[in-house]
Every structure is written in structure tokens, then in C-alpha cells.
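Residues per chain, in single letters:
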Amino acid sequence: MLQFVKFGLVGVSNTLVTALVIALLLKVCHLSDVPANIIGYAAGLVNSFVWNRRWTFASTSVVKDTLFKFILTFAVCYAVQLGVLRLLLARLAIDPYWCHLMGMAVYTVLNFLLNKFYTFKDK
């Protein structure tokens, strides 16, 4: 249960980092949606790997092995999220930032499941 709480706290920090970077890039730098999304998720990815490996799962596995699984998990989750984002942007007549937030919700649920049962799975 403690691991789940830690994962949740790291997830909140990732969401905040990702959302803040996307918001700054969209609203301040006037970057377009996809580049802002890519950069925002990259910032969240770095934050997530460091904190989940060190704190949530206290992983002692070889960094490169865990990192490969982590990046693969991220790639799958990101691809699904980006597809959802593009679909929402095409279908909903709302502020695009809300579409980013909805895509982030999909990403978060899928990311937790894959990290728990694949990336950091106890041997």
C-alpha cells in the first residue's frame, strides 16, 4: 500500500511538472500543441524515472535494464495519450489545454498499470 501511495505522489509531481511545462510553452512561448506536449512529457519522464526508481520502488536492478523497460512503457503510454489528444483536439470545441489534461488522465492510468506490472515488477 505504501508503494501505491508513493507512486501516486510521484504521479502528482509528474502531472504538475508536465502540465506546468505544457502550459508555459502554450501560453507564454506560444508553441504549438504537439511540440509543447512532447517537451512537457519529456520533463515529466525524467522526474518520474528518478523518483520512482529511487523512492517508490527502491530499485536495485541495473539502471540500463530498468531504464529500457521504463522508456518502453513511456513510449506505449505516450503514443496512446497523443492519439487521445489528437482525437480530442479534432472533436471538441474547447480550450486545447483541457484536451491535454484529459489525455494526461489516460496516460496516468495506463502508466501506473504498466510500471507496476512490468517495469518495476518484483521478481
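### Side note on the packing of aromatic side chains
In step 1: By the definition in use, this model includes nine aromatic pairs.
In step 2: A ring pair is formed by Phe-7 and Phe-112, whose centres lie 4.7 Å apart and whose planes are at 65°; its orientation type is edge-to-face. With Phe-7 in helix H1 (residues 2-28) and Phe-112 in helix H4 (residues 96-119), the pair connects residues that are 105 residues apart, well separated along the chain.
In step 3: A relative accessible area of 9% places Phe-7 in the buried class.
In step 4: Here Tyr-41 and Tyr-78 contribute two aromatic rings whose centre-to-centre distance is 5.2 Å and whose plane-to-plane angle is 70°, an arrangement assigned as edge-to-face. Of this pair, Tyr-41 sits in helix H2 (residues 33-56) while Tyr-78 is found in helix H3 (residues 63-91), placing the two residues 37 residues apart along the sequence.
In step 5: A connected cluster of aromatic rings, assembled from ring pairs, spans Phe-7, Phe-49, Phe-57, Phe-70, Phe-112 and Phe-120.
In step 6: Note that Lys-69 overlies the ring of Tyr-118, its terminal NZ or CZ placed 5.3 Å from the centroid.
In step 7: The ring of Phe-117 is capped by Lys-116, whose NZ or CZ atom sits 5.9 Å from the centre of that ring.

### Considering a nonpolar patch on the surface
In step 1: There is a patch of nonpolar side chains on the surface, built from Met-1, Leu-2, Phe-4, Val-5, Leu-9, Val-46, Val-50, Trp-51 and Trp-55 and spanning about 950 Å² of accessible area.
In step 2: Mapped onto the nonpolar patch, the elements with two or more residues apiece are H1 and H2.
In step 3: Tracing the sequence through the fold places Val-46 in helix H2.
In step 4: Assessed through its relative accessible area of 56%, Val-46 is described here as exposed.

About the thresholds
Residues numbered from 1 in each chain as written. Predicted model: local features only at pLDDT ≥ 70, side-chain atom pairs only at ≥ 80, totals over all residues. Heavy atoms only, no water. Phe/Tyr/Trp six-rings, centres within 6.5 Å; stacked < 30°, edge-to-face > 60°. Helix = DSSP H or I, 4+ residues; strand = E, 2+ residues; numbered from the N terminus. Buried < 20%, exposed > 50% of the residue type's maximum accessible area, 1.4 Å probe, protein only. Lys NZ or Arg CZ within 6 Å of the ring centre and 35° of its normal. Patch = residues over 30% accessible without salt bridge, like charges linked within 9 Å, V, L, I, M, F, W, Y side chains within 5 Å. Areas by Shrake-Rupley, 256 points an atom, 1.4 Å probe, with all protein chains shown as cover. Salt bridge = Lys/Arg side-chain N within 4 Å of Asp/Glu carboxyl O.

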